[in-house]
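Geometric and topological summary
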Amino acid sequence: MDFTEDEAEYEQWTHIERRVPFQGYRTYVASTYIGFNVVGFAINAWVLYVVAPLLFAPAIKVPKSILFYIFALCVGDLMTMIAMLLLVIELVFGTWQFSSMVCTSYLIFDSMNKFMAPMIVFLISRTCYSTVCLDKTRGEKAATLKYAIIQFCIALACVMVLLWPVFAYSQVFTFYMNPNATSQEVTVMRKCGFFPPPQIEFWFNLIACITSYAVPLFGIIYWYVSVPFFLKRRALTTLVASSSMDAALRKVITTVLLLTVIYVLCWTPYWVSMFANRIWTMEKKSIIIISYFIHLLPYISCVAYPLIFTLLNRGIRSAHAKIVADQRRRFRSLTDEASSQIRTAIRTIPGTKMKKQDFLTRTEEISSDKAASEAISEFRDALPSQTSFPDETLL
């Protein structure tokens, strides 16, 4: 098998696009990738449906900064799922089907997942710590949407600077196989890859491992573990209900364990394999299959993180439920009013006229029913929360 340097030699030959039969281990690998790709699209779309309306909704107890981080995490995950779709197509056909520009875009989106997802989780843990443990001024600042956008933009700019080798050394490589000098035919296979010089590759992987793995892991554990200790000290000096405090502590501990376990399981094998590839060559089929599934683990984290942050935050769930209930009530009110106007119009048709007194009575009934409904709704909204400890920020 020859590399792209021999392209001039085969330029006049007939190129036969390589089609690898979709069978064997590639069937299982591609099927697994397709399954997680579909699940990733579905879960992140659902989280966006839940979180996006809350960003600009008034009187939401959950900090706008956390909502924005979850929103940004879902958008980034959806971009990663699109990149994963290109990888699935390559697995199915056995060769890269797209241009060099699409190849670079795929590698950028795939690399951004390795940076942005851990950094956003890092920022969420920092925000939770700030809003719960720090003074009121710094907590309110950390909870604002403007502050979150600034932090996210700074993190994104740093990531794009770190990704310069991906822009510089990504390309579609062409392999020429089984040349037939008699018929002047050669089989062509294309692969999208990132192959920088060895020294640049080493330093890129090392910096990426520190900034997108070690630092976020330390920050997540430190800031989330600091919250229970703060709450425990606060319980000793205030009159917060013990049951509410215990629930908040259990919630924080559950979040810490889940995030840490998922983070370690999804990212540790990936980074270990990145450095192991410099020592061992992947020639055996079993090692290639293992590498495919290790590469799948970061995609699994794209499914897990948004789900955890949404399902574990009761404030997000209750706020979304309230918005949905309000929309249904408005829709019901509009349909009731429209149907009432239609009935009134029908009664005023010649031959079906109602008496003036009956018309006024019916109008008063509709008005009084609508006023009563609105009053009940306002009363329900004004009811205080049943919890005595505000845990909407404890993701």
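Residues numbered from 1 in each chain as written. Predicted model: local features only at pLDDT ≥ 70, side-chain atom pairs only at ≥ 80, totals over all residues. Heavy atoms only, no water.

Side note on the environment of alanine 155
Secondary-structure assignment places alanine 155 in helix 5 (residues 145-162). Using a relative accessible area of 12% as the deciding quantity, one classes alanine 155 as buried. In contact with alanine 155, not counting residues within four places along its chain, are Met116 and Met119. (Helix = DSSP H or I, 4+ residues; strand = E, 2+ residues; numbered from the N terminus. Buried < 20%, exposed > 50% of the residue type's maximum accessible area, 1.4 Å probe, protein only. Contact = heavy atoms within 4.5 Å.)

So, the nonpolar core
Here is a general trend for soluble globular proteins: nonpolar side chains tend to be buried in one another's company. Among the nonpolar cores identified, the biggest contains 88 residues, and Tyr33, Ile70, Tyr106, Tyr305 and Phe309 are the most heavily contacted of them. Going through the elements one at a time, helix 1 (25-55), helix 2 (64-93), helix 3 (100-133), helix 5, helix 7 (198-237), helix 8 (242-276), helix 9 (285-311) and helix 10 (314-347) are the ones with two or more residues in this core. Here this core gets 17 residues from one element, more than from any other, and that element is helix 3. (Core = buried A, V, L, I, M, F, W, Y, C linked by side-chain atoms within 4.5 Å.)

Thoughts on a nonpolar patch on the surface
Residues Trp46, Tyr49 and Leu311 make up a contiguous nonpolar surface patch of about 320 Å² in total accessible area. One can find tyrosine 49 in helix 1. (Patch = residues over 30% accessible without salt bridge, like charges linked within 9 Å, V, L, I, M, F, W, Y side chains within 5 Å. Areas by Shrake-Rupley, 256 points an atom, 1.4 Å probe, with all protein chains shown as cover. Salt bridge = Lys/Arg side-chain N within 4 Å of Asp/Glu carboxyl O.)

Section: the state of the cysteines
According to the stated counting rule, one finds one disulfide in the structure shown. Disulfide pairing places cysteine 103 opposite cysteine 192 at an S-S distance of 1.9 Å. Between cysteine 103 and cysteine 192, the S-S dihedral sits near 90°, and the bridge is therefore right-handed. Pair noted here: cysteine 103 is in helix 3 and cysteine 192 is in strand 3 (residues 185-194), with a separation of 89 residues, a long-range link. When sorted by exposure, cysteine 103 lands in the same class as cysteine 192, which is buried. (Disulfide = S-S within 2.5 Å.)

What to know about the packing of aromatic side chains
If you walk through the whole model with that rule in mind, you get 15 aromatic pairs. Between phenylalanine 68 and tyrosine 69, the ring centres sit 6.2 Å apart and the planes meet at 55°, which makes this aromatic pair tilted. Each member of the pair, phenylalanine 68 as well as tyrosine 69, is classed as buried. Judged by centre distance (5.6 Å) and plane angle (65°), the rings of phenylalanine 194 and phenylalanine 204 are edge-to-face. With a gap of ten residues between them, phenylalanine 194 in strand 3 and phenylalanine 204 in helix 7 connect regions that are remote in the sequence. (Phe/Tyr/Trp six-rings, centres within 6.5 Å; stacked < 30°, edge-to-face > 60°.)

A look at the UniProt feature "transmembrane region" (unreviewed entry) in the protein
Under the local residue numbering, the UniProt record ascribes the feature "transmembrane region" (unreviewed entry) to residues 34-56, 68-95, 115-135, 147-167, 203-231, 252-272 and 292-312. Taken end to end, residues 115-135 comprises 90% helix and 0% strand; its first and last C-alpha atoms sit 30 Å apart. (UniProt positions renumbered as here; feature names shortened; annotations may be inferred.)

Digging into the pattern of salt bridges
According to the stated counting rule, one finds five salt bridges in the structure shown. For aspartate 135, the salt bridge is made with arginine 138, and the minimal N-O distance between the two is 2.7 Å. Notably, a salt bridge pairs lysine 322 with aspartate 326, separated by 3.3 Å at the nearest N-O pair. With lysine 322 and aspartate 326 both in helix 10 and four residues apart, this pair spans about one turn of that helix. For lysine 322, a relative accessible area of 40% puts it in the partly exposed group. You can call aspartate 326 buried: its relative accessible area is 13%. Overlapping salt bridges bring together Lys322, Asp326 and Arg329 as one network.

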